[in-house]
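Listed below are the residues making up each chain.
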Amino acid sequence: MFRNQYDTDVTTWSPQGRLFQVEYAMEAVKQGSCAVGLVSNTHVVLATLKRAQNDLSSYQRKMFKIDDHMGIAIAGLTADGRVLCKYMRNECINHRFVYEAPMPVGRLVRQVADKHQVCTQRSWKRPFGVGLLVGGYDRSGPHLYNTCPSGNYYEYKAMAIGARSQAAKTYLEKHYESFPTASVEAMVQHGLRALAATLSEGELTKANCAVSIVGRNAPYVVIEDDDVEPYLQMLKAEEDAGDAPMAADEAAAGGEAAAAAEGGAAAGGDAAAGGDAAGEAAAPMETE
Amino acid sequence: MAAATAGYKLAAAPKAGADSQGVKQHATWSPYDDNGGTCLAVAGADYCIVAATTRMSTGYSILTRRSTKILQLTDKCVIASAGCQVDMKALQKLLQSRNVMFQHNHGKPMSCKGAAQLLSNTLYYKRFFPYYTFNLCAGLDEEGKGAVYTYDAIGSYERTGYSCQGSGKDLMQPVLDNQLKAASPLLVPARNSTTTLPLEQAIDLVKDAFVSAGERDIYTGDYVEVLIITQDGIRREELQLKLD
């Protein structure tokens, strides 16, 4: 995507009917480290790759509990994600207060998407630079949604967002038919393997990945640090027994120079150069 | 002209709010209703017992035999309220919302002390249209010792070793004072009044207290929910009282 004369304001259309600022916001999502989500008949599993700015800093948290029955994983501008997280938590608390019942997942996602859309149609605002994977369990079962800065959202059986997510999506596409009846442990393994596929270097350790599970009779819980070690061991055992997992590597993903695009401060966006170029080129904004 | 003003005297004008006899009328409707019931909490060295009856009444009738007065905020803190149940429900919903918010923001549950302060502030917020609830906040403090906080309707509170609230409290309190032998609350500095009784004996005392109160207080009866809070969590027992 190159600079052009229609990309200064979010409220300016291009002659092809594109809003470039919104598309650029979606690029910011692709800069974030990968987040993966998958659904079975009873549970939703989210897995994220945590990135550290440098050896001295901590790994950036990407998963947040919204309510006992819902959690999110973010990719992109962490600060924007935090704001949305606060909004979602508040809505869930209010819903429980008024209706004495957990908030239906789809309804909240729609509200969040509407919030995104507002920022694409005001000249004094900018679009949110974060994509959410929302995993939750309500009366109609487990759900996984992906929201993006454009204000669109879709429900998914499995999805990956963030840097090199195409590799994860390829893995998920291969295996998604087995997800509905998979056990929770199998789901976590799939999530971690999908995540591992997006690594350009190094491997999954207990410090750089986190998993969360929510489902029927299973309030949202985050598994990280020491708790995720057993799952990584299982992964390693399978690896040693069978083939090594695919480590997908787009040609463009060479340099790892930190991008200053969103003015990342210490706690800022988890950015790296080398976005997910392949297969994302033409009009990424859904125009339905 | 003269005829129109002749019959009028200021002193003879009817007073505002008075009926035809000149007697001031009071409102016939009250926003409050006392639903009765009693609750009690006892703090021990490493436990806390909280108990409350489950009968909800109005006037001389029973509305239900099974309704809870206890809100479990965390593994280590509960709130029990006697009085107007609708105000209790509203108060407990509010506290629960604040509790969830706290956990999101701080990543850990509220301490008993924190919850006690929150309850006091929440009650005082409605200083000029109070929650008609008589509350107890009880659990384990940060050191693992039993803690009981007792309140009036507008949020004045203090930490004590034991307390009871509700319709049966005047019947129960002297029994507890006698058995738990607390130092006078008037002593300065405040003496630690958590009981040294072992857990099982304290539970028996609590049950006896309710049975006794149930004999004479019409609003105390049906069932008693007994929550026993220890480091291992919260255990629930139920005691049956007379149904009359």
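Model, not experiment: these values are computed from the prediction.

Could you clarify how one ought to interpret the overall build of chain A in this entry?
Along the backbone of chain A there are six helices and ten strands. Put simply, chain A has 288 residues, and 50% of those count as buried. For chain A, the proportion of contacts with a sequence separation of at least 24, taken over those separated by at least 6, is 65%. In the form shown here, chain A has an accessible surface area of approximately 13700 Å², with 51% of it arising from carbon and sulfur atoms.

How do you make sense of the sheet that holds strand 1 (residues 38–43) of chain B when you look at a structure like this?
Note: strands within a sheet are paired through backbone hydrogen bonds, in either parallel or antiparallel orientation. Residues and elements named next belong to chain B. Spatially, the five strands line up as an open sheet ordered 10-1-2-11-12, and their pairing is antiparallel. Of all strands in the sheet, those bounded by a partner on one side alone are strand 10 (162–166) and strand 12 (233–240). When strand polarity is set aside, the average angle formed by the axes of neighbouring strands in this sheet is 15°. Inspection of the sheet shows strand 1 paired to strand 2 (residues 48–53) by five bridges, in the antiparallel sense. Of the residues in strand 2, the one forming a bridge with A43 is C48. Helix 4 (residues 169–180) rests against strand 1 and strand 10 of the sheet, and its axis sits at about 170° to strand 10.

Would you mind showing me how to read the side chain of H95(A) here?
Residues and elements named next belong to chain A. Position of H95 among the secondary structure elements: in helix 2 (residues 78–99). Judged by its relative accessible area of 9%, H95 falls in the buried class. Only 3.0 Å separates the side chain of H95 from the backbone oxygen of A101, close enough to count as a polar contact. Beyond its immediate chain neighbours, meaning those up to four positions away, H95 contacts E100, A101, P102, M103, P104 and R107.

Teacher, can you tell me more about the pairing of strand 10 of chain B here?
Regular strands place their side chains on alternate faces of the sheet. All names here are of chain B. A large share of strand 10 lies buried, amounting to four of its five residues. The sheet contact formed by strand 1 and strand 10 spans five bridges and is antiparallel. Pairing of V42 across the sheet is with Y162, part of strand 10.

Where do I start with the sheet that holds strand 3 (residues 63–67) of chain A in this structure?
Residue and element names in this part refer to chain A. Spatially, the five strands line up as an open sheet ordered 3-4-5-6-7, and their pairing is antiparallel. Two strands close off the open sheet at either side, each with one partner strand: strand 3 and strand 7 (153–155). Within the sheet, the average angular offset between the axes of one strand and its neighbour, ignoring direction, is 20°. Relative to strand 5 (residues 130–138), strand 4 (residues 70–76) is paired through seven bridges, and the arrangement is antiparallel. Note that in strand 5 the partner of G76 across the bridge is V130. Sitting on the sheet, helix 2 is in contact with strand 3, strand 4 and strand 5, with an inclination near 20° to strand 3. Contacting strand 3, strand 4, strand 5, strand 6 (141–147) and strand 7, helix 3 (residues 105–118) crosses the sheet at an angle of about 160° to strand 5.

Looking at this structure, how should I read the pairing of strand 5 of chain A?
Residue and element names in this part refer to chain A. For strand 5, the buried fraction is high: nine of the nine residues fall into the buried class. Across the two faces of strand 5 the burial is the same, with V130, L132, V134, G136 and D138 and G131, L133, G135 and Y137 all buried. Where strand 5 and strand 6 come together, seven bridges link them in antiparallel fashion. Within the sheet, the bridge partner assigned to G136 lies in strand 6 and is H143. The antiparallel hairpin formed by strand 5 and strand 6 contains two residues in its connecting segment.

Please explain the interface of chain B and chain A as it appears in this structure.
Frequently, the measure chosen for interface size is the accessible area that the parts lose on association. Opposite the seven residues of chain B that make contact, chain A presents seven residues. Interface area for chain B against chain A, summed over the two sides, is near 700 Å², with a carbon-plus-sulfur share of 59%. On the chain B side of the interface with chain A, the three residues burying the most area are K93(B), S97(B) and H104(B), jointly 69% of the side's total. Taken together, the links from chain B to chain A amount to two salt bridges. Put simply, E100(A) and K93(B) hold a salt bridge, and the shortest N to O gap is 3.0 Å. Run the count over chain B and chain A and you get three residue pairs in polar contact (both at pLDDT 80 or more). Its residues assigned to classes, the side of chain B that touches chain A comprises three nonpolar, two polar and two charged.

Parameters and conventions
Residues numbered from 1 in each chain as written. Chains lettered and ligands numbered in written order. Predicted model: local features only at pLDDT ≥ 70, side-chain atom pairs only at ≥ 80, totals over all residues. Heavy atoms only, no water. Helix = DSSP H or I, 4+ residues; strand = E, 2+ residues; numbered from the N terminus. Buried < 20%, exposed > 50% of the residue type's maximum accessible area, 1.4 Å probe, protein only. Contact = heavy atoms within 4.5 Å. Areas by Shrake-Rupley, 256 points an atom, 1.4 Å probe, with all protein chains shown as cover. Pairing = 2+ DSSP bridges. Axes fitted to C-alpha atoms, helices over the stretch in contact; angles between N-to-C directions. Polar contact = N/O pair within 3.5 Å; in protein donor to acceptor, adjacent residues only side chain to side chain. Buried area = accessible area lost by both parts, 1.4 Å probe. Salt bridge = Lys/Arg side-chain N within 4 Å of Asp/Glu carboxyl O. Nonpolar A, V, L, I, M, F, W, Y, C, P; charged D, E, K, R; others polar.

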